[in-house]
Every structure is written in structure tokens, then in C-alpha cells.
Protein chains: 4
Amino acid sequence: MKKASEIKQASFEILYKSEHNGKARHVFDIFLVSLIILNVVAVICEPSIVESSLRKAFRIFEIISVVVFSIEYLLRIWVADLVYPEKNKMIARFIYFVTPMALIDIAAVLPFYIPFIIAVDLRVLRMLRIFRLMRIFKANRYTTALMVVIKVIKNKSEQLLSSLVIVFVLMTIASVTMFNIENAAQPDVFTSVFDAMWWSVATLTTVGYGDIFPITALGKALAAVIAILGIGIVAIPTGIIASGFNELLHNKLHTIKCPHCNRDIEVE
Amino acid sequence: MKKASEIKQASFEILYKSEHNGKARHVFDIFLVSLIILNVVAVICEPSIVESSLRKAFRIFEIISVVVFSIEYLLRIWVADLVYPEKNKMIARFIYFVTPMALIDIAAVLPFYIPFIIAVDLRVLRMLRIFRLMRIFKANRYTTALMVVIKVIKNKSEQLLSSLVIVFVLMTIASVTMFNIENAAQPDVFTSVFDAMWWSVATLTTVGYGDIFPITALGKALAAVIAILGIGIVAIPTGIIASGFNELLHNKLHTIKCPHCNRDIEVE
Amino acid sequence: MKKASEIKQASFEILYKSEHNGKARHVFDIFLVSLIILNVVAVICEPSIVESSLRKAFRIFEIISVVVFSIEYLLRIWVADLVYPEKNKMIARFIYFVTPMALIDIAAVLPFYIPFIIAVDLRVLRMLRIFRLMRIFKANRYTTALMVVIKVIKNKSEQLLSSLVIVFVLMTIASVTMFNIENAAQPDVFTSVFDAMWWSVATLTTVGYGDIFPITALGKALAAVIAILGIGIVAIPTGIIASGFNELLHNKLHTIKCPHCNRDIEVE
Amino acid sequence: MKKASEIKQASFEILYKSEHNGKARHVFDIFLVSLIILNVVAVICEPSIVESSLRKAFRIFEIISVVVFSIEYLLRIWVADLVYPEKNKMIARFIYFVTPMALIDIAAVLPFYIPFIIAVDLRVLRMLRIFRLMRIFKANRYTTALMVVIKVIKNKSEQLLSSLVIVFVLMTIASVTMFNIENAAQPDVFTSVFDAMWWSVATLTTVGYGDIFPITALGKALAAVIAILGIGIVAIPTGIIASGFNELLHNKLHTIKCPHCNRDIEVE
């Protein structure tokens, strides 16, 4: 069984070890990212294609993709015990199975297989393939610049999510108040609090589609307040991310040589 | 009377002491936040409900909520003298009565009681319950991340409010000028300076609903200037908040060497 | 003539010396800011007023205001030689006459007087009074917070104006290109490059009224690029202002006492 | 041949050496920037002009401009070997030929010449002249403020481009999902994924024209999520640029004490 364990080790290294810079990994990376991007292009173009020969070509490409991604998925499940070596084999596999990336992978291939088992049409769900695009953030051939950006967002994710609480409280109060103000004047537009919520999102985020807005004087006054508060809502995550980049800037301890005594000193 | 004062002390600790981490407080907190959120959901869904049995259920839930919140409010009034121990009993209660949170609380329950006393329909005012959602910012079970965000906003609230003065001056000048330019060309759209104000809010905040905009060349030129200034208007609070987060970052202690005696000192 | 020069000196101190904290100046400040704000309210409400008695009241208020502001203006011209003591009397007055604040002041009162001299209707120009609102930034009774915000904008005004050059270059290129793309498809909407400029302002500033947008595939692709660049356009002034606030933060040299040797040290 | 090489050296210095502050360069700079701006004005106004005599004047101005820019272009090609002195003459010229600025220059004059050689109407391409406006960023008579802004953008260009990857991934996933949700409800509006992409750009950048938006509950919920994420999308480049300005701020030298020998050292 030496051979099998060697293949397993090699698979593990190609699939997971970002330091493994051998040719096999390089080829594998380019191949997989290309396949993902081609799948995305296919999902985007598919609904616009009417010619039957082209549809067939797309279908064949999908089958090939699903086969490749299924093999990759099974390999990852297989080597999961090497990823979490301290765990029991089956527990390691289950832990891998519920990671977000693995769930995206299974969601991307399952809609293809299910119709073979039970008679159900999952055509729409096949677009779940698109989520596999998130894999790009995991690929290793990136410039460090994107890594820095992602690191800042991760570092500040807790504060960013917290600021969402403020958005939700503001949005809820604005929506209920606006509904009570505008419902009488525009019963067809502000039919429920949910319509008012749709308005408040469009206003707080400064998108402003223009499909729903107040027409009464009181409603306009409230909308003005909310729109101005919307600027603050934009300002909070921006301030958080800006401070995240600054933190990174300052945390760089760098070493210089003292020009007088020629010894190393660390300065911030 | 020992017992009454003990109950009072216990109520005070559960209601106010965030350090009090006993089980009673924990249960009370979860119960109250849940009740507030359920009330919010009720206020949001209520106008969309037509079925009479469901309406009745909502009414019963409201009665229960109002009873709970009334008891809580009376308790808070009762223990107010423990919150401000240096004040006279009645003055302490009055001080508590006019705090923003207490005013929100009374506004949330009063519209339920008034119709029993005088024959008036305050159905619309019952949506004031929604403002109780602000209590969430006072709850103690939060991650520190939200506290940091709120602290930054509070620290910078003076500067943020000041920047509103700039917004108002700009908005007023833009509105009056735009009204005088566009009134002749679109008398039905720009009927008064207030219409022009509605336009200027939508433009300066970059919401841009599209229900009102200039059509003359001069009006469009002014709108372009205002829209570009609008970017600056967004930039000011963002800069303020970003610097607030940086300030927090820098206030962490760091060690320098005293140039006189060469020993370490910690400075902010 | 001692008395005249004393009045002049007193006027100068009330009008210009912000350190002069006597009661006269205090009363004068409140009176003037109130009068300015009332004038703004009048300009805003005037077009909506139809009742003739109210119109008459507004007219009387305008006459009083113009008289007050004219006297203030003449006083300022009179004492101008004390403002620029190193200059010749008439030159000092001319220098004052062409300051932006003095030009705003004269623009605010002139449209009232001209119709008495030559038979011309300057009713529209009377709204120039609104610009006097800018005087608020010069009043002395402010919180320091607004002063800080204004100082940051002033410090960074050169960089902010420079970033406008980038906006204009981008806007011009976008407009000409978009006009050439969309003119054939929407000849009534994109009739000239100026229409395309109106579109590009609305897009780059992310206002997006929705009165003009591309409908061809190529036009939409360009609009997408411009909208994404628009984010950068918003980011530049924000970054400038944020760094302005940080600069202020860091420039605060503050003195601490060394806890070991008890001497003063200045640290940033 | 001494004379020719002297002319060449002089041309090189006027065209390239920003330190060369002689009168010739000064005049040349003002002349060229003026000509570029006049060309831009011409391109903007041209489609709105109907009078034949004015059209003729514009045509003559265009001929003069093209001649001037052609001479400048040829001169730059001629002196290219002085710009890259370490290269072979022809290679130096080719290197210059493919620089972005040279490609813009050739794109600006070629559409004028081609119709003389082959019978083709390139009237539309003549608007390519507008791109020459970018030359303004290369001119030397600027305030340093614009240089600072451009330097910050250049320093951070890698991070800014990286953040575009995040925008594209988000946009693609949002578009495909939205198309699958809304296509059934609005088959005429969301006809293809490309329509959904147009929607997602308008939403993520918070432009919100209002020509396309979801009408189903699920679609609106997704749009709300995307609009809120759009705030983050705006926040990322802003944070990057803000930190770029701060970096510049901090790179100013400051003096520390070497902990080993206690003498002063200047560090960045």
C-alpha cells in the first residue's frame, strides 16, 4: 500500500501546500482557475444562446467540468485526514465536508447529478456553479497586493459586521416611520413596511433607483434626514477599512542599521 | 421595610449594573432584547396582515408586551434614586424621566393606554414602539467591536455635527439658486424653494432618485457643481470617522526613551 | 475729531476683533446672525407666499434688513484703513472692497437699490441675499469642532482642487467617447457632447438621476468602466481629507513629564 | 553634422527635460497645453455646430493642430535614442513607439491621414484626439499638489487594481443570481445575464440609474445585500488611498535615539 499513500501525499501537496512550488502544482493551479473562469463565462452566456449545436457544445463542456470538479472534490475528501492529522480519519473528512469552500464545491456539482437519481428539474440550480468563482481568492499565484486587501478586510471583519447592526436599526426605524407617513398618500407604492424597507436600503446606501420615494412634505423631510445619515453609513466602513490599512502600515517593524555604531535597531 | 429595599436594590442591579453578571441579569437581558425584536417584527408585519385570527394574536402579543414594558418602566422610575444617589428622591426620578431612553420608553407604551382614557384613535402612534430598538445599543451582551464603532462615532460627534453646518449652508444656497434658475422652465416641478431643497438633498448625498432634476443648461451646470461638491460632502464625515479610528489606534501606549535620563517611559 | 476716531476704533473692534469679547460685540454677533438666518428663511418662503398682507410684511422686513446691512457695509468700508493700517486710506478701502466677503455683501444689497435709479426689474437677483449665509463661517461664537473641519479643508484645498483636474480630464474623455457611441442609437437623448457631459457628471459622482444613460452594449460597457472609476473619484478627496485630519492629530506636539527625572519632554 | 546633433539635443531637452527651465521650454509647454485644450473644446463643440463657415474654421484649426502634433511626434521619434541612450537607435525608437503616451499621440493624428491613403470615412475616430488630454498629467508647470495626488494613486495602483478583482467576483455572482431570480418576473428587462451585470454595476457603484431593478421579493432582498456590500466596495479603494496619503505623511524623516550608542539617527 506504499504506492497509494504516496499518491495521497502527492495529491495533498498539490491540493493544499501553497509552498509546494513544483511544476505539477503550477500546472494544476492554472488549469483549475482557467476551468473555473470558463465555467463562469458559460453560465453567463448560456441563457443568451439559442443555436442548438452551441447548446450541445456547452452541455459537453459542463459534463467535462463536472467530472473534473467531482474528481477534485473526492480527492480533497480523501486527503482530508492529512489536512487535520490530529483528528480521527472520518472526523477529519466531516470537518472538511462542512468548510464553506467544500460546501460551495458540493453545491456546484450536486445539481448536475440529482436529476439522474430522482426525476426533478434543477436547471436553475446549475447556476450555483458561479459561486465556485470564490475559489479565486484561495489560488496561490497572486500578487501580494490582493492578499493585503483581503487581510485588511478579514482583520476588520468584526467591526465591519458590527457597523451592520447600526445600519439595520436605522433602516428598521426609518422604514416603519416612512410607511406610516407615506401609506396614506401613496397606498399603491408604500403597500407594506417591506416596500418602505426597499426604499430605505436604496436611500441609506445612496443607490436611489427612483422607483419609490416619498411625496408628502413630512416624508421628504424624513427622507432628507435618512439620506444625510446615509453619508454617515458610508463613512463608517470606510473609516474602519482606512484604519485597517494604516494599522498594517504602522505594524511593520523594520530594522535599520545605526550609522554611528553600525548595530541593528528595530524601529516602527 | 428591609425586604422592599432589598428588592429595590436587586432590581437596580439587574436593570443598570452591567458588571452584575449573575444569572438573573443574563436571563432578563435575553428576554428583553427578544421581546423588543419580536415587537419590531410585529410592527413590520402588522400592516400586511388581513386574517382576523392572526390580527387577534398580534393584539394579544402587544398587550403582553405593553404590560412587561410598563412594569419595567415603573421599576426604573422606582429605582431612579439609586441611579442618582446624590439627588433628592423626586428630583432623581424626574431626571430619569427626561433621559432620552426613558422618553423613548414612555413614547412606546403611552399610545396603548391613552385611548382607554380619552376617546382618540392613536393607532398610527403605536408604531413608536419601533424606537425601542435603540435599546439594543445599551444591551450588554455585545462584542467589543460594536462598542469601538459607537465610541468612535461618539468621540467625533461634535465634528460630525459641525460638518452638517457646511451641508446646510451649501444646500440652502444651492436650493435658492436652483429654484430661481429652473422655476421658469419647469414651474410644475420646481414649484417652490422646498422642491429645490428636495433636489439638493438628493444630489448632495448622491442618492439621485431622478424625480426632480434641472433641464436648462444653466441648471445642469449648477447641478454638476453641486454633485461634485457632494463628493466633498461625503468625504468630510468619512475623513472624520477614519481619523477617529486612527486616534484609537495611536492611543495605545508606546515606550520612548527620556532624552534627559535615558530611562524608558510609556507615553500615549 | 477725537470722538469720531473713537467711534471708528469701537466699530472696528466690534466688526473685526474676534478677541474683543465685550457685551457690544456679543449682542452685535447674535443680532447679525439672526438677521441673516431670517433673511434666508424669507428668501426660501417668499415664492410660496400668495397672501398680499404677508407679502407686504416680507417687503418691510427686507427694507429693514437692507438698511441694516447697508449701514454695516458702509461702516466696514469706513474702518477698512484700520484693518490694513500699513496701506494708504483709499487703497485699504479698495482692498477691502474686492475681498470675497465684501463682494458678497454688496451683491446682497445692490439689487435692492438699482431699481430706484434705473427702471429695471431685478427681482430674481434679490435672491443673491442667500450668499450672505456664508458669513456664518466667519462668526465667532462657534464650537472649535467646526473650526477644525474648516481648517482641514483649507489645509488640503490645493490637493482637493488638484484632484478636480483628474475629474475633468476623465469626464471630458468619457463624455466625448460616450457621445460618439450613443449618438446614433439615441439621437434625441445624446444630442450633443454637453448631454454626454451631464451624463458623465451624474455617473462619476454616483448621483445617477436616470434621465440619461447608454442603451447600446458598448455604451453600457463604457458606463460600467466610468461608474467603477467614479468610486476612485470619490475615494481621492476622501483620502485627502482623512489624511488632513490625521495630520492635525499627529502635529499636536504635546509635553509630558518624565516620571524618572521629572523634566519636560516634547513628544509627538 | 554638428548642427543637426545640436538641434537634436535642443529638441530632446525641450521635449523631455523637466529640469530644463529655459524660455524655449516654457513657451513650448504653454503652446502645447493650449493647443490640446483648444482641440478638446473643438471636439466637444463640433457636433453642435451647423453653420458651414464655422465648420470650415474648425476644419482649418484641425489641420493646423494635426500638422503641429505630427511634427512633435516625428521629433520625439527622432530623439528617442537620446531618451534611451543605452539602446540601439532603432530599438530605442521602437521602445518609444510603444509607450502609452506615443500610442495615444499616434491614435490622435492617424485618423486624419488614413482617408487620404485609402477611401474610408474615419470621422468618428477623429474624436480620439480627446485622449491627448492625458498629456496634461505630463506637463511640468503644475503645482506640486497634483503631483502628490498622482503619486499616491501610482503608489497604490497595485492594491487598487487588486480590489477590482473583488468587485468583479462579487459582480459576477450577483449578476448570475439576480438573472435567475428576476428573469421569470421581468423577461423583458432581465433578458440576459448581461442585463443583470448592468444592474449590478449600477448598484455596487451606488449610481442607481433606475432603468433596471428587481421587482420580486427575493430579488429585492438580494439587491439590498448587494447595495450594502456596495458600500464596502466604495470603502476599499477609499481606505487604500487614505492610507497612501498617510504613508506619504509618515515618510517624512524623524529623529530617534540609537539605544546602543545613544546618538541621534534620522529614520523614515
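The structure presented is a predicted model; accordingly, all values stated were derived computationally and were not measured.

K.L.:
I keep staring at the overall build of chain A and nothing clicks. Help me out?
P.N.:
Along chain A, the regular secondary structure elements total 10 helices and two strands. A total of 268 residues make up chain A; the buried ones form 46% of that total. Restricting to contacts in chain A with at least 6 residues of sequence separation, those with at least 24 account for 57%. Element-wise, carbon and sulfur atoms account for 68% of the exposed surface of chain A, whose accessible area totals about 13500 Å².

K.L.:
Just checking my understanding: could you explain the pattern of salt bridges for this structure?
P.N.:
Pairing of side chains with opposite charge becomes possible as their charged atoms draw close. All names here are of chain B. A full pass over the atoms with the stated rule returns 20 salt bridges over all chains. Linking R76 and E72 is a salt bridge whose minimum nitrogen-to-oxygen distance equals 2.7 Å. A residue pair is termed a helical-turn pair when its members lie 3 or 4 positions apart in one helix, as R76 and E72 do in helix α3 (residues 52-78) at four residues. Given a relative accessible area of 11%, R76 falls into the buried group.

K.L.:
How should the relation of the copies chain C and chain D be read in this particular structure?
P.N.:
Superposition of the two copies of the chain requires a rotation about an axis together with a shift along that axis. After a rotation of 90° and a shift along the axis of 0.0 Å, chain C superposes on chain D with an RMSD of 0.1 Å. Look at the turn and shift together and you get a four-fold axis relating the two. Counting the interface residues of chain C, we find that no more than 19% of their copies in chain D are interface residues as well, pointing to two distinct contact surfaces.

K.L.:
Sorry, what's going on with the nonpolar core here?
P.N.:
Counting residues in hydrophobic clusters, the biggest one holds 222 residues, and the most contacted among them are W199(A), W199(B), W199(C) and W199(D). Dropping the residues within four chain positions of it, W199(D) is found in contact with Y209(A), A174(D), M178(D), F190(D), I212(D), F213(D), P214(D), A223(D) and I226(D).

K.L.:
Sorry, what's going on with the environment of I212(A) here?
P.N.:
Along the chain, the position of I212(A) falls in the loop between α9 (193-204) and α10 (217-251). The class of I212(A) is buried, set by a relative accessible area of 6%. As for I212(A) and G244(A), which are separated by 32 residues in sequence, their C-alpha atoms are 36 Å apart. With near-sequence residues (within four places) excluded, I212(A) lies in contact with V189(A), F190(A), D195(A), W198(A), W199(A) and Y209(B).

K.L.:
So what exactly am I meant to see when it comes to the interface of chain C and chain D here?
P.N.:
In many analyses, interface size is given as the accessible surface area lost on bringing the parts together. Contacts between chain C and chain D engage 43 residues on the former and 41 residues on the latter. Regarding the contact of chain C and chain D, the summed buried area is about 3600 Å², with carbon and sulfur atoms giving 79% of it. Per-residue buried area on chain C facing chain D is highest for I173(C), I228(C) and I231(C); these three make up 15% of the total on that side. Linking chain C with chain D are zero salt bridges.

K.L.:
Looking at this structure, how should I read the packing of helix α2 (residues 23-45) of chain C against helix α3 (residues 52-78) of chain C?
P.N.:
The packing of two helices is summarised by the inter-axis angle and the distance between the axes. Residues and elements named next belong to chain C. Following both chains from N to C, one finds α2 and α3 inclined at 140°, their axes separated by 11 Å at the closest point. When the interaxial angle is binned, α2 and α3 end up oblique. As α2 runs across α3, the sense of the crossing is left-handed. Residues F28, F31, L32, L35, I36, L38, N39, A42 and C45 of α2 pack against F58, F61, S65, V68, F69 and E72 of α3. Grouping the constituent residues of the contact of α2 with α3 by class yields 12 nonpolar, two polar and one charged.

K.L.:
I tried to follow unusual backbone geometry on my own but got confused; where do I start?
P.N.:
Note: most residues except glycine have negative phi, and most peptide bonds are trans. Residues and elements named next belong to chain B. The backbone of T206 sits at a positive phi, close to 60°, despite the residue not being glycine. Turning to its location among the elements, T206 is positioned in the loop between α9 (193-204) and α10 (217-250). Looking at T206, the relative accessible area reads 6%, which means it is buried.

K.L.:
Hey, could you run me through empty space enclosed by the protein in this one?
P.N.:
If a probe as big as a water molecule is rolled over the atoms, it shows which places are left empty. For the coordinates displayed, the defined rule picks out six cavities of 30 Å³ or more. Considered as a void within the structure, the largest cavity measures approximately 160 Å³ in volume. What lines the largest cavity is a set of 17 residues, among which T206(A), T206(B), T206(C), V234(C) and T206(D) lie closest to the centre. Secondary structure elements with two or more residues in the lining of the largest cavity: α10 of chain A, α10 of chain B, α10 (217-251) of chain C together with α10 (217-250) of chain D. Broken down by element, the lining of the largest cavity gets its largest block of residues, three residues, from α10(C). Residue composition of the lining of the largest cavity, by class: eight nonpolar, nine polar and no charged.

K.L.:
Explain the side chain of Q159(A) to me, please; I cannot follow it from the model alone.
P.N.:
With respect to the secondary-structure elements, Q159(A) resides in helix α8 (residues 157-182). Once residues within four sequence positions are removed from consideration, Q159(A) is found in contact with I240(A), A145(B), V148(B), V149(B) and F245(B).

K.L.:
Where do I start with the packing of aromatic side chains in this structure?
P.N.:
Counting across every chain of the model gives 16 aromatic pairs over all chains. For the ring pair F112(C) and Y113(C), a centre distance of 5.4 Å and an interplane angle of 85° mean the geometry is edge-to-face. For F112(C), a relative accessible area of 10% puts it in the buried group. In this structure Y113(C) comes out as partly exposed when scored by relative accessible area, which is 31%. Relative to Y209(C), the ring of W198(C) has its centre 5.7 Å away and its plane inclined at 25°; by these criteria the two rings are stacked. Separated by 11 residues along the polypeptide, W198(C) in helix α9 (residues 193-204) and Y209(C) in the loop between α9 and α10 bring together distant segments of the chain. Judged on exposure class, the residue W198(C) and its partner Y209(C) are both buried. Members of the aromatic cluster, joined through ring pairs, are F112(A), Y113(A) and F116(A). In this arrangement the basic side chain of R132(D) is found over the ring face of F69(D), its NZ or CZ atom lying 3.4 Å from the centre.

K.L.:
In this structure, what is going on with the packing of α3(C) against helix α5 (residues 89-97) of chain C? I would like to understand it.
P.N.:
All names here are of chain C. At a closest axis distance of 9 Å, the pairing of α3 and α5 adopts a crossing angle of 135°. Classified by the angle their axes make, α3 and α5 are oblique. In this structure, α3 uses Y73, R76, I77 and W78 to contact α5, whose residues at the interface are R93, Y96 and F97. In terms of residue class, the contact of α3 with α5 is made up of five nonpolar, no polar and two charged.

K.L.:
How do you make sense of helix α7 (residues 144-155) of chain C when you look at a structure like this?
P.N.:
Residues that lie three or four places apart on an α-helix share one face, since the helix turns once every 3.6 residues. Residue and element names in this part refer to chain C. The end-to-end C-alpha distance of α7, which contains 12 residues, comes to 16 Å, matching closely the 16 Å that a straight helix rising 1.5 Å per residue would cover. Where α7 is concerned, the buried positions are A145, L146, V149, I150 and V152. Each buried residue of α7 lies within a common arc of 155° when the element is viewed along its axis, so the set occupies one face. Across from the buried face of α7, at angles greater than 90 degrees, the exposed residues are T144 and K154.

K.L.:
Before we go on, may I ask you to explain the side chain of E182(A) in this structure?
P.N.:
Residue and element names in this part refer to chain A. Among the structural elements, E182 can be located in helix α8. Put simply, E182 is tucked away with no salt bridge, and the nearest opposite charge, on K220, sits 8.4 Å away. At 2.7 Å, the side chain of E182 and the side chain of Q186 are in polar contact. In this structure E182 touches F190, P214, I215, T216 and G219, once residues within four positions along its chain are discounted.

K.L.:
Would you mind going over the environment of S65(C) with me for this structure?
P.N.:
Residue and element names in this part refer to chain C. Looking at the element boundaries, S65 is found in helix α3. Among the residues examined, S65 registers a relative accessible area of 1% and is labelled buried. For the pair S65 and L170, spaced 105 residues apart in sequence, the C-alpha to C-alpha distance is 45 Å. In this view, S65 contacts L35 and N39; residues no more than four positions away in its chain are not counted. A distance of 2.9 Å separates a polar side-chain atom of S65 from the backbone oxygen of F61.

K.L.:
Before we go on, may I ask you to explain a nonpolar patch on the surface in this structure?
P.N.:
A cluster of nonpolar side chains, namely L110(B), Y113(B), F116(B), I117(B), I118(B) and V120(B), defines an oily patch on the protein surface of about 600 Å² accessible area. With respect to the secondary-structure elements, I117(B) resides in helix α6 (residues 100-117).

K.L.:
So what exactly am I meant to see when it comes to helix α3 (residues 52-78) of chain A here?
P.N.:
Under the 1.5 Å per step criterion, the end-to-end length of α3(A) is 39 Å for 27 residues, consistent within 8% with the ideal 39 Å. Looking only at α3(A), the buried set comprises F58(A), E62(A), S65(A), V66(A), F69(A), S70(A), E72(A), Y73(A), R76(A) and I77(A).

K.L.:
Is there a simple way to explain the environment of V176(B) in this structure?
P.N.:
For V176(B), the position within the fold is in helix α8 (residues 157-182). The buried category is assigned to V176(B), whose relative accessible area is 0%. On a C-alpha basis, the gap between V176(B) and M197(B) in space is 8.0 Å, while along the polypeptide they are 21 residues apart. Those residues within four positions of V176(B) in sequence are excluded, and the remaining contacts are V193(B), V43(C), I44(C), M127(C) and I130(C).

K.L.:
Would you mind showing me how to read the confidence of the model for chain A here?
P.N.:
Any region with low pLDDT has predicted coordinates that should not be read closely. On average, residues of chain A carry a pLDDT of 83, and 87% of them reach 70 or more. No element of chain A has a lower mean pLDDT than strand β1 (residues 254-257) of chain A, which averages 56, and none a higher one than α9(A), which averages 93.

Rules of the game
Residues numbered from 1 in each chain as written. Chains lettered and ligands numbered in written order. Predicted model: local features only at pLDDT ≥ 70, side-chain atom pairs only at ≥ 80, totals over all residues. Heavy atoms only, no water. Helix = DSSP H or I, 4+ residues; strand = E, 2+ residues; numbered from the N terminus. Buried < 20%, exposed > 50% of the residue type's maximum accessible area, 1.4 Å probe, protein only. Contact = heavy atoms within 4.5 Å. Areas by Shrake-Rupley, 256 points an atom, 1.4 Å probe, with all protein chains shown as cover. Salt bridge = Lys/Arg side-chain N within 4 Å of Asp/Glu carboxyl O. Least-squares fit on C-alpha atoms with pLDDT ≥ 70 in both. Core = buried A, V, L, I, M, F, W, Y, C linked by side-chain atoms within 4.5 Å. Buried area = accessible area lost by both parts, 1.4 Å probe. Axes fitted to C-alpha atoms, helices over the stretch in contact; angles between N-to-C directions. Parallel < 35°, antiparallel > 145°, perpendicular 65-115°, else oblique. Left-handed = near helix turned anticlockwise from the far one by under 90°. Nonpolar A, V, L, I, M, F, W, Y, C, P; charged D, E, K, R; others polar. 1 Å grid on protein atoms, 1.4 Å probe; cavity = no way out; pocket = protein on both sides within 12 Å on 5 of 7 lines; lining within 4 Å. Points joined across faces, edges and corners; volume = space filled by probe spheres on them. Phe/Tyr/Trp six-rings, centres within 6.5 Å; stacked < 30°, edge-to-face > 60°. Lys NZ or Arg CZ within 6 Å of the ring centre and 35° of its normal. Expected span 1.5 Å × (residues − 1). Arc of directions from axis to C-beta. Lys, Arg positive; Asp, Glu negative; His and termini not counted. Polar contact = N/O pair within 3.5 Å; in protein donor to acceptor, adjacent residues only side chain to side chain. Patch = residues over 30% accessible without salt bridge, like charges linked within 9 Å, V, L, I, M, F, W, Y side chains within 5 Å. pLDDT = per-residue confidence, 0-100.

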